[in-house]
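Single-letter residue listing:
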Amino acid sequence: MQIKLFDRNGGAGAAEVKESTLFYHFTIQLDHKTDTPVRVYAVAGLTSVYLGIPDRAGRLTAQLARKHLPSAPACGVVTDEPRGVWQPWRGELDGVPVSMALTRAAEDGCRMAMPEETAARFPAWTASFEPVVLDGKQYYELFFDADGRPRLREAPPEAETSASTNDETDNTAEESPEVDAPAGTAEAEAAR
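Here's a quick rundown of the structure.

Thresholds applied
- Residues numbered from 1 in each chain as written.
- Predicted model: local features only at pLDDT ≥ 70, side-chain atom pairs only at ≥ 80, totals over all residues.
- Heavy atoms only, no water.
- Phe/Tyr/Trp six-rings, centres within 6.5 Å; stacked < 30°, edge-to-face > 60°.
- Buried < 20%, exposed > 50% of the residue type's maximum accessible area, 1.4 Å probe, protein only.
- Helix = DSSP H or I, 4+ residues; strand = E, 2+ residues; numbered from the N terminus.
- Lys NZ or Arg CZ within 6 Å of the ring centre and 35° of its normal.
- Pairing = 2+ DSSP bridges.
- Axes fitted to C-alpha atoms, helices over the stretch in contact; angles between N-to-C directions.
- 1 Å grid on protein atoms, 1.4 Å probe; cavity = no way out; pocket = protein on both sides within 12 Å on 5 of 7 lines; lining within 4 Å.
- Points joined across faces, edges and corners; volume = space filled by probe spheres on them.
- Nonpolar A, V, L, I, M, F, W, Y, C, P; charged D, E, K, R; others polar.
- Salt bridge = Lys/Arg side-chain N within 4 Å of Asp/Glu carboxyl O.
- Contact = heavy atoms within 4.5 Å.

## Points about the packing of aromatic side chains
Then comes step 1: Under the criterion given, the structure shown has four aromatic pairs.
Then comes step 2: Where Tyr24 meets Phe26, the ring centres are 6.5 Å apart and the plane angle is 55°; that geometry is what we call tilted. The pair formed by Tyr24 and Phe26 is uniform in burial state, with each residue classed as buried.
Then comes step 3: Here the aromatic rings of Trp125 and Phe144 are separated by 6.1 Å at their centres, their planes lie at 75°, and the arrangement is edge-to-face. A residue pair is termed long-range when its members are at least 10 positions apart, and Trp125 in the loop between helix H1 (116-119) and strand E11 (130-134) and Phe144 in strand E12 (residues 137-145) qualify at 19 residues. Each member of the pair, Trp125 as well as Phe144, is classed as buried.
Then comes step 4: These aromatic residues form a ring-pair network of at least three members: Phe122, Trp125 and Phe144.
Then comes step 5: A cation sits over an aromatic face here: Arg90 above Phe6, 3.7 Å from the ring centre.

## Description of the pairing of strand E10 (residues 109-115)
Then comes step 1: The buried fraction of E10 is high, at six of seven residues.
Then comes step 2: Pairing of strand E9 (residues 96-106) with E10 involves five bridges; the strand directions are antiparallel. Paired with Thr103 across the bridge in E10 is Met112.

## A closer look at the sheet that holds strand E8 (residues 87-93)
Then comes step 1: Strands sit in the order E8-E9-E10-E12-E11 across an open sheet of five strands; the sheet is antiparallel. The outermost strands of the open sheet, each flanked by one partner alone, are E8 and E11. For this sheet, the mean inter-axis angle between neighbouring strands, taken without regard to orientation, is 45°.

## Topic: the layout of surface pockets
Then comes step 1: Estimates place the volume of the largest pocket at around 490 Å³.
Then comes step 2: Of all the secondary-structure elements, those providing two or more residues to the lining of the largest pocket are E8, E9 and E12.
Then comes step 3: Among the elements that make up the lining of the largest pocket, the one with the highest residue count is E9 (four residues).
Then comes step 4: Among the residues forming the lining of the largest pocket, the class breakdown is ten nonpolar, four polar and eight charged.

## Quick look at the pattern of salt bridges
Then comes step 1: A full pass over the atoms with the stated rule returns ten salt bridges.
Then comes step 2: In this structure, Glu81 engages Lys137 in a salt bridge whose closest nitrogen and oxygen atoms are separated by 3.5 Å. One end of the pair, Glu81, is in the loop between strand E7 (75-79) and E8; the other, Lys137, is in strand E12, with 56 residues separating them in the sequence.
Then comes step 3: Using a relative accessible area of 25% as the deciding quantity, one classes Glu81 as partly exposed.
Then comes step 4: Shared partners join several salt bridges into a network, and the residues in it are Arg8, Asp80, Glu81 and Lys137.

## Some words on the side chain of Thr79
Then comes step 1: Secondary-structure assignment places Thr79 in strand E7.
Then comes step 2: Classification of Thr79 by relative accessible area gives buried; the value is 4%.
Then comes step 3: Excluding residues that lie within four positions of it along the chain, Thr79 makes contacts with Arg8, Val38, Arg39, Tyr41 and Pro88.

## Details of the environment of Leu60
Then comes step 1: Take Leu60: it is sitting in strand E6 (residues 59-65).
Then comes step 2: Sequence-distant contacts of Leu60, defined by excluding residues within four places in its chain, comprise Phe26, Thr27, Ile28, Val40, Leu51, Gly52, Ile53 and Pro54.

## Re the sheet that holds strand E4 (residues 39-44)
Then comes step 1: The strand order across the open sheet built from seven strands is E5-E4-E7-E1-E2-E3-E6, with neighbouring strands paired in mixed fashion. Because the sheet does not close on itself, it has two edges, and the strands there are strand E5 (47-52) and E6. With strand direction ignored, the average angle separating the axes of adjacent strands in the sheet is 30°.
Then comes step 2: Relative to E5, E4 runs antiparallel, the two being bridged by five bridges. If you follow Ala42 over to E5, its bridge partner there is Val49.

Laid out in structure tokens, this is it:
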């Protein structure tokens, strides 16, 4: 099978992927030669796994144990960012394409960090995002359980408008008690 490779600018090359009983075998070719080291990652589901650094001609051959990916790789990500805890990720969430997000393993799922412009495409998830700064850049982080479902918090209840609050509470102070006595009598005057 063939998968596409992507970088920040879009398409970056392709990889031929052959499956054996225990491994995925990758033959990668970038569309351009590079003088700067770049790293290639395979992406499947919410998982992103490091494959290696291509040579100056943009070629890389890699082998990856199948147990490291939840399914066959869907695409690859190419980045010049240093390797770390966060892995680059590209894919689709809730039917919305996401490019160049970051993922990292968590105890019972994974965490994903995405730039603000990407996070804004998920308004129903806004209350669940945690702002985080990674390598000096602002991201919004969200937890996904082991089944790939986002862990969403309920949005805080919206405050009532001041007009409706005033209508319900402020008018009671000026109300006069109802008196069951004819006007002008001592009883009616005492109630006032």
